[in-house]
Amino acid sequence: MKTVKSLLTGSMVLLWTVLIITAAGNKEARAEDPFSISAYLNDSIFNIDNIASSEDMPQYILEKTALYLQSFTTSRRELFQKWLDQSIPHMAIIKNILREEGLPEDLAFLPLIESGFNVNARSHAKATGMWQFMASTGAHYGLEVNGWIDERRDPVKSTRAAARHLKDLYETFGSWPLALASYNAGSGKIKRVLDGSSSSTFWEIGQSRALAAETRNYIPKFMAAMIIARNPETFGFTFMEVPTFQYDLLEVPAGMDVRTITERSGISPELIRSLNPELKGDITPLNESSYILRLPRGIGTVFLDNFDGLLPDKRVVHNKYKVKKGDSVYKIAKKFKTTVSAIREANKLKKKSRIVSGKIILVPVKVSYSDKVVRLVTPPDAPPKIPL
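Let me begin by describing the structure that accompanies this report. (Residues numbered from 1 in each chain as written. Predicted model: local features only at pLDDT ≥ 70, side-chain atom pairs only at ≥ 80, totals over all residues. Heavy atoms only, no water.)

**Let's talk about the side chain of Thr73**
(1) Moving on: Among the structural elements, Thr73 can be located in helix 4 (residues 59-73).
(2) Moving on: Residue class for Thr73 comes out buried when judged on its relative accessible area of 4%.
(3) Moving on: Among the polar contacts listed, one links the side chain of Thr73 to the backbone oxygen of Leu69, at a separation of 2.6 Å.
(4) Moving on: Within the structure, Thr73 has its side chain in polar contact with the backbone oxygen of Gln70 (distance 3.3 Å). (Helix = DSSP H or I, 4+ residues; strand = E, 2+ residues; numbered from the N terminus. Buried < 20%, exposed > 50% of the residue type's maximum accessible area, 1.4 Å probe, protein only. Polar contact = N/O pair within 3.5 Å; in protein donor to acceptor, adjacent residues only side chain to side chain.)

**Here's the deal with the packing of aromatic side chains**
Any aromatic ring pair is given by two values, namely how distant the centres are and how the planes are angled relative to each other.
(1) Moving on: For the structure shown, the criterion picks out 8 aromatic pairs.
(2) Moving on: Centre to centre, the rings of Phe72 and Phe80 are 4.9 Å apart; their planes meet at 35°, and the pair counts as tilted.
(3) Moving on: With centroids separated by 5.7 Å and ring planes inclined at 55°, the aromatic side chains of Phe80 and Trp83 adopt a geometry described as tilted. Placement of the pair is Phe80 and Trp83 together in helix 5 (residues 77-100), with a separation of 3 residues, close to one helical turn. (Phe/Tyr/Trp six-rings, centres within 6.5 Å; stacked < 30°, edge-to-face > 60°.)

**Notes on the pairing of strand 4 (residues 360-366)**
(1) Moving on: Within strand 4, 5 of the 7 residues are buried, which leaves the element mostly enclosed by the surrounding structure.
(2) Moving on: In this structure, strand 3 (residues 316-322) lies alongside strand 4, joined through 7 bridges in antiparallel fashion. When the sheet's bridge partners are listed, His318 is paired in strand 4 with Pro364. (Pairing = 2+ DSSP bridges.)

See below:
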């Protein structure tokens, strides 16, 4: 088996001796036990189908992987630990989805280098969410983006979309290194580089200046992150996988103020936002007749038990209204039997702000919920099925 000591020379050998002593936290580590990248890649995604085993990897890939390992375990140690921490709530369900789609579970570590598992991450190119989907690619895989929601930020829906996208890329290119490079750069770009170089593997084009540095380094960066995530204690990190979080799924009317739900269920607005990160505001989407919210397991029943006691002034949904010529906030409030302050709050209007003819505003309207859907989608004694 090839080792870093046999692949790297001079200062790199010394660097890795120091690095592994530090990472393992063992000052008595023996120099005759050289660190082997190949050993950590054994049974990994890169030889799972015998397409690209560690023995096939060129030296430059292993050298770049070593440099990323050095970075993640030294100067970026705190940041990498933060990424691992942010992955904990999502890891079990991501691996479950990957299994369902017939994909290697190690792909669950890809968001480490995409977003650090930050569901609200947004790149300069406007890629969004944990899996960093562009709007067009997300739409192709069923992720909706509108004025009310951005499903690229939903960890469950975006993972399903990412799994199907990765499956398509693998079927197109026949190898995981090329599929992952395509995930980063786009399949069109990788096809053009392959055609222009008469090459057939990522290892052959991995140093091509036709690829951006980000793409050239993408595979080594992922390999380094994967090595650490699969062996965290070896490198002095803490990381554990927890069981899949259990949800209640609550179906509520369109235009309902989410703050009403938090008030009646005893949970914080921050918690409901963390469970439903696709929501852009505090109002359930108006483009559908109803909407399904995730709540912590058991809280859905708490809300329903308290629902009958909801005060009349809180029995509100929001309607869209197109401002007409001659309208004022006062006239609209009188027309819909609501208050000026309620309209101003819903639209974040200051006291002296004027509404403009033709503009769409939200109007909070008191209603009876008897004809509205408010129910648990899954029975309390049944495991929840997350809509995908």
